Amino acid sequence: MAGIGFQLKKMFNERGLLANVRAYSYSAIVTVGPLALCILLMTVAQQLLISVNTPYAERELFLAATQYALIFSQIITGGFNLIVSRYIADQLFLEKYENILASMFGVIAICVFFGGMSAFVFFSFSPLDITFKIVSYILFVELIIVWIQCMYVSALKDYMKIVKSFLIGVIISGLAVYICIKFLHIYSATAMMICLDIGFFFMLIKFTQYIRDFFKVNNFKYFLFLSYMKKYPLLFICGFCYTLGLYGHNFIVWQGKHQHIVEDTFVIAPFYDVPVFFAYLSVLPAMVLFVVSVETNFYTAYKTYYNRILNSFPLKDILSAKRDMFKVLSLELSFIAEIQLFVAICSIALGLKFLPLLGLTYDQIQLFIFFVLGFLFFIIMYTVVLLLLYYDDQKGASWTTIIYTVGSMLLTFIFLNIGNYGYSIFITAFIGLSFALWKLSKYLNRIDYYTFCSQPLIPKKKIKQF
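Residues numbered from 1 in each chain as written. Predicted model: local features only at pLDDT ≥ 70, side-chain atom pairs only at ≥ 80, totals over all residues. Heavy atoms only, no water.

## Thoughts on the nonpolar core
When a protein is soluble and globular, its nonpolar side chains tend to lie buried together. Let me state the cut-off plainly: Take the buried Ala, Val, Leu, Ile, Met, Phe, Trp, Tyr and Cys residues and link them wherever side-chain atoms come within 4.5 Å; each set so joined is a nonpolar core. Exposed residues in this analysis have more than 50% of their type's maximum accessible area, buried residues have under 20%, and partly exposed residues fall in between, with area computed by a 1.4 Å probe over protein chains only. The way it works is that DSSP assigns letters per residue, a run of H or I at least four long becomes a helix, a run of E at least two long becomes a strand, and they are numbered from the N terminus. We call two residues contacting when some pair of their heavy atoms lies within 4.5 Å.
Counting residues in each nonpolar core, the largest one holds 142 residues, and the members touching the most others are Phe-132, Tyr-152, Phe-266, Tyr-272, Phe-375 and Tyr-391. Tallying contributions element by element places helix H13 (residues 362–390) first for this core, with 20 residues. Ignoring any residue separated from it by four or fewer positions in sequence, one finds Tyr-272 in contact with His-249, Asn-250, Val-253, Leu-367, Phe-371, Tyr-421 and Ile-425.

Rendered as structure tokens:
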């Protein structure tokens, strides 16, 4: 993530427990903060509605609308995630800061246009009340903008501003929900959606302010970043397939026997979606640990190795740096896998204890266990994918995400007819992880060739029109 490494290294260089807590908190806020905020707000609002015996139809409508906004906003922006991160990192390295702010507005314009048009068409065929359509549409657009801004806030150095924005956004929405339910006695899904809109609107306004304050110059070249779409098309494919892989299997199950249609608009499958939701929470620690491990340990060894090559160090020093890089890579990858395994075991234990209290059936808990194990392989697989991208093996990274995404949807469709579709994520994540590890091992075994021999001796300048 562009820019976050400098701040994390500075924090970890400070001694004491407080400095480490700050570093992990910063990583958590930037990495999973928006997703955690959205989940927290939805959960709090849902529980408050239950506490006052709100009609089931209203609670179901609210949950379905927020679920659609969360899922499809991520899919719309997922393809740009890696492209934009690469673009920001390059502009920071080249000190062309004036290109960064303009690119944010460009990405927002593209995603809001395509996402907004899709949502407009979707709601055009819905019999829902026009007010609820509007507030749901607003939440969807706000989430699109927030996901995009999160690609840029990692470059900011003042992490306390980011923390405050998240916390204030949560408090505003939480207070609005509480006031509507406890004092105004308004229990409608429309009111709850407006409360979420208010919190996310505050957040995106503050993020825009912070980003504009940090990148002060706007050169109005809003779509200059699109040149990276032609230069690195596999990054777009990799990012899109990763996001689609998170939810593609849900779309398949939505067409099966557990399909449930809410207000003739939202097609969901609560029997399947709820266990997936709780299982997905188990991967959040690994996402945070990856950012910390890579930016503070692996990247240092990685940079040392390539700096020694670029600065014509003796072969003995280069080989020593390579061995150190391999050692750090192995240790960090093992550490992430071990922590995630521990989290998975704890998640299963807690799930067996508390999920029945939330109304999950025996069959749903069995699905939850398979999903937790499947996501264990999945998050390690994606960690390896990001490591492949560090070595610029875009083909290996893209093929890994394609194999997982296509495989999970295909196997879910097959198991859907058999009845044991909980196995699909577990099997495809294991296959994807095995393929990713094979590609990484193959690359590292031939790293000298890729470093010294794979590049053309005389680069040819191509004239590109895009």
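Read on for the rest.
## Let's talk about the packing of helix H5 (residues 130–153) against helix H7 (residues 189–214)
Counted only if it meets this: To get an axis, fit a line to the C-alpha atoms, keeping to the stretch in contact for a helix; angles then go from 0 to 180 degrees between the N-to-C directions. These descriptions rest on fixed angle ranges, namely under 35 degrees for roughly parallel, over 145 for roughly antiparallel, 65 to 115 for roughly perpendicular, and the rest for oblique. Helix crossings get a hand from a simple test, with the near helix turned counterclockwise from the far one by less than a right angle marking a left-handed crossing and a clockwise turn marking a right-handed one. Asp, Glu, Lys and Arg are counted as charged, while Ala, Val, Leu, Ile, Met, Phe, Trp, Tyr, Cys and Pro are counted as nonpolar; the rest, among them Gly, fall into the polar class.
At a minimum axis distance of 9 Å, the contact between H5 and H7 shows a crossing angle of 30 degrees. One element, H5, and the other, H7, form an angle in the roughly parallel class. Crossing angle aside, the handedness with which H5 passes H7 is left-handed. In the contact of H5 with H7, the residues fall into 20 nonpolar, 5 polar and 2 charged.

## Things to note about the environment of Gln-255
Note that Gln-255 resides in the loop between helix H9 (233–253) and strand S1 (260–262). A relative accessible area of 56% places Gln-255 in the exposed class. With 158 residues separating them in the primary sequence, Gln-255 and Phe-413 have C-alpha atoms 9.4 Å apart.

## Brief notes about the pattern of salt bridges
As a reminder, the rule being used: Definition used for salt bridges: Asp or Glu carboxyl oxygen within 4 Å of a side-chain nitrogen of Lys or Arg.
If you walk through the whole model with that rule in mind, you get 3 salt bridges. As a salt-bridge pair, Arg-86 and Asp-392 come within 3.8 Å of each other at their nearest N and O atoms. Of this pair, Arg-86 sits in helix H3 (residues 56–94) while Asp-392 is found in the loop between H13 and helix H14 (394–418), placing the two residues 306 residues apart along the sequence. Overall, Arg-86 belongs to the partly exposed group, its relative accessible area being 26%. Taking the relative accessible area as the measure of exposure, Asp-392 reaches 43% and is therefore partly exposed. What emerges from the salt-bridge pattern is a single network uniting Arg-86, Asp-90 and Asp-392.

## Here's the deal with helix H15 (residues 423–445)
Short version of the rule: A helix is expected to reach a length of 1.5 Å times the quantity of its residues less one.
Between its first and last C-alpha atoms H15 spans 33 Å; for 23 residues at 1.5 Å apiece the expected length is 33 Å, and the two agree. Looking at the buried side of H15, the elements it contacts are H9, helix H10 (270–280), helix H12 (315–354), H13, H14 and helix H16 (447–452).

## Examining a nonpolar patch on the surface
Quick reminder of the rule: Residues enter a patch when their relative accessible area is above 30% and they make no salt bridge; the linking distance is 9 Å between like charges and 5 Å between nonpolar side chains (Val, Leu, Ile, Met, Phe, Trp, Tyr). With residues, only the protein chains shown are counted as cover, and all accessible areas are computed by Shrake-Rupley using a 1.4 Å probe.
Residues Leu-167, Ile-171, Leu-175, Tyr-178, Ile-179, Phe-183, Leu-184 and Ile-186 make up a contiguous nonpolar surface patch of about 780 Å² in total accessible area. On the secondary structure map, Leu-167 appears in helix H6 (residues 159–183).

## Quick look at unusual backbone geometry
For His-185, which is not a glycine, the phi torsion comes out positive at approximately 55 degrees. Structurally, His-185 is set in the loop between H6 and H7. Phi angles above zero are rare outside glycine, and Glu-263 is one such case at about 55 degrees. Structurally, Glu-263 can be placed in the loop between S1 and strand S2 (266–268). Residue classification places Glu-263 among the partly exposed positions, given a relative accessible area of 41%.

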